Amino acid sequence: PTQGAISCIGLVSNDANCLKFAVGDSNGKIYIYSLDSKVNKFEEIANFELPYGFYAMALNMIKLSDAEYIILSGGSKPVINVISLDMCTMKMTLKASLPGHDDWVRSIAIRQLATTMETVEGVTYPKTTYIFASASLDRIIRLWKLTIEASSNPVYVETNKLKLLTSKEYRFETATNRCCIFLDAILMGHDDWVSEVTWKPRKNEGQKEFENENDLMLLSSSADSSIMMWKSDPISGVWFPEVRLGEMAIKGASTATGSSGGFYCSKWIFDEDTNTEIVLSNGKTGSFRCWEKDLVKDKVYNSRTTFVGAARAITDISWAASGEYFLATSLDQSTRLYAKWSRDGEKWFEFGRPQIHGFDMITVKSINGTRFVSAG
């Protein structure tokens, strides 16, 4: 068991059937858990103490083989730590620390690209490439590439490279593989913290082949109340936001001024039953936002009704005299109005927040159809 509060969990991104995952805690350690088939229970198999002052907030794992894994960790320092896990010795080793961000790293998303064949000194061998995105509180998204090849392969030496025009390469080796990480692109467009990044899901997650880079799309959510879908130009390779969802918000606005407080996270979901794409996000005030891709119009996402409610305990409820709606106060410092919406199957929804206060709300009483009194 972890010794502190759990801060993040990371799964193996390139093998949905792999029953291993990483856990970060508030004591600055990473734990690896694996399913023990004998007792049908997840057991800790390895742990690693991160550099002093680094607390993991984003974890992701790559399976190189049954015996080797790579863990990418972002957190409370402006670096991404790359850690290897040797299943033979159960040893975790820090291989590289990737600089570049100017603030905490909150999210890391990985996608495997198509394997290429390389020929060096007359020897042809496969090279596996991963692309991963890192989201930071510095408002920037960075795209990195990780190439992996067997250590027994001959080393390719670049002689014509212009060093001033290329990013630095971070090279390291595991027991049987040779790895290289380099910065591929920088995505700028958000005006506040970037909370999460996620790749567009495949329509068939069980497919064997992997994507071409030009077919990839990246979803990002931010505290600026916007969600962007990024895509690379097939000719220039430059990434740009193809679709923008959310609101036009004032940077730095808080919930006390009526702002939604931005988005905490976002998920890109493909519903195989209805053949639709869904974007789901949640915010500071305990509400969810949902968009569904239009089946006819390209690049159009329609807003859908979804879960919404108080972020903390509800303390009092008062019906309007007409019975058309009721008011609810909460310890989340808000008074919310709920009413029935006949357009969506006679369901009840939050229609507005007539009061956003500076204190925890305790009680509410409706006076007439347009007035109420509350206390905090």
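In this text the structure is predicted, and so the values were computed from the model without any measurement.

Below, the discussion takes up the overall build of the protein chain. Tallying secondary structure elements over the protein chain gives zero helices and 28 strands in all. On the principal axes, the C-alpha backbone points of the protein chain span a range of 85 × 50 × 45 Å. Of the contacts formed within the protein chain by residues at least 6 apart in sequence, a portion of 48% connects residues at least 24 apart. By element, 53% of the accessible surface of the protein chain is carried by carbon and sulfur atoms, the whole surface being about 19800 Å². Distance between charge centres in the protein chain, computed from 41 positive and 45 negative side chains, equals 3 Å.

According to the stated counting rule, one finds 16 salt bridges in the structure shown. For R178, the salt bridge is made with E149, and the minimal N-O distance between the two is 2.5 Å. Taken as a pair, R178 in strand β14 (residues 177–188) and E149 in strand β12 (residues 140–150) lie far apart in primary sequence, 29 residues in all. Each member of the pair, R178 as well as E149, is classed as buried. Of the charged contacts, one joins R289 and E247 as a salt bridge, the two residues approaching to 3.0 Å between their closest N and O atoms. Of this pair, R289 sits in strand β21 (residues 288–293) while E247 is found in the loop between β18 (239–246) and β19 (263–271), placing the two residues 42 residues apart along the sequence. Here the salt bridges share partners, and the residues they tie into one network are D332, R336, E350 and R353.

Together, I314, I317, W319 and W348 make up an exposed nonpolar region whose accessible area comes to about 430 Å². Examining the composition of the nonpolar patch, we find that three residues originate from one element, strand β23 (residues 314–319), more than from any other. The topology assignment puts I314 in strand β23. Look at I314 and you get partly exposed, because its relative accessible area is 46%.

On to the nonpolar core. Counting 20 residues, the largest nonpolar core has I70, V82, L98, I108, F132, L146 and I181 as its most contacted members. For L146, the contacting residues outside a window of four places in its chain are I62, I70, T128, T129, Y130, F132, C179, C180 and I181. Grouped together as the second largest cluster of nonpolar side chains are 19 residues, C8, V12, F48 and L50 included.

Let us look at the sheet that holds strand β2 (residues 20–25). Think of a sheet as strands paired side by side through backbone hydrogen bonds, with each pair either parallel or antiparallel. Spatially, β1-β2-β3-β4 is the arrangement adopted by the four strands of the open sheet, whose pairing is antiparallel. The sheet terminates laterally at β1 (6–11) and β4 (41–49), the two strands that pair on one side only. Taking each pair of neighbouring strands and ignoring which way they run, the sheet shows an average axis angle of 25 degrees.

A separate point is the sheet that holds strand β7 (residues 80–86). Across the sheet, which stays open at both edges, the four strands sit in the order β5-β6-β7-β8 with antiparallel pairing between neighbours. Because the sheet does not close on itself, it has two edges, and the strands there are β5 (56–65) and β8 (91–98). On average, adjacent strands in this sheet sit at an angle of 20 degrees to one another, irrespective of strand direction. Examined bridge by bridge, β7 and β8 share seven bridges and lie antiparallel to one another. Paired with D86 across the strands is K91, a residue of β8.

With that out of the way, let us pick up the packing of aromatic side chains. Enumeration over the complete set of coordinates arrives at eleven aromatic pairs. Each ring, one from W199 and one from W239, has its centre 6.1 Å from the other, and the planes form 65 degrees; the classification is edge-to-face. Separated by 40 residues along the polypeptide, W199 in strand β15 (residues 194–199) and W239 in strand β18 bring together distant segments of the chain. Of the residues examined, W199 reaches a relative accessible area of 4% and is grouped as buried. Of the residues examined, W239 reaches a relative accessible area of 8% and is grouped as buried. Centroid distance W341 to F351: 6.3 Å. Interplanar angle 80 degrees. Geometry classified as edge-to-face. One end of the pair, W341, is in strand β25 (residues 334–341); the other, F351, is in strand β26 (residues 347–356), and ten residues separate them in sequence. Using a relative accessible area of 24% as the deciding quantity, one classes W341 as partly exposed. Grouped by ring-pair contacts, the aromatic residues W319, F326, Y338 and W348 constitute a single cluster.

Thresholds, definitions, all that
- Residues numbered from 1 in each chain as written.
- Predicted model: local features only at pLDDT ≥ 70, side-chain atom pairs only at ≥ 80, totals over all residues.
- Heavy atoms only, no water.
- Helix = DSSP H or I, 4+ residues; strand = E, 2+ residues; numbered from the N terminus.
- Contact = heavy atoms within 4.5 Å.
- Areas by Shrake-Rupley, 256 points an atom, 1.4 Å probe, with all protein chains shown as cover.
- Lys, Arg positive; Asp, Glu negative; His and termini not counted.
- Charge placed at Lys NZ, Arg CZ, Asp CG, Glu CD.
- Salt bridge = Lys/Arg side-chain N within 4 Å of Asp/Glu carboxyl O.
- Buried < 20%, exposed > 50% of the residue type's maximum accessible area, 1.4 Å probe, protein only.
- Patch = residues over 30% accessible without salt bridge, like charges linked within 9 Å, V, L, I, M, F, W, Y side chains within 5 Å.
- Core = buried A, V, L, I, M, F, W, Y, C linked by side-chain atoms within 4.5 Å.
- Pairing = 2+ DSSP bridges.
- Axes fitted to C-alpha atoms, helices over the stretch in contact; angles between N-to-C directions.
- Phe/Tyr/Trp six-rings, centres within 6.5 Å; stacked < 30°, edge-to-face > 60°.

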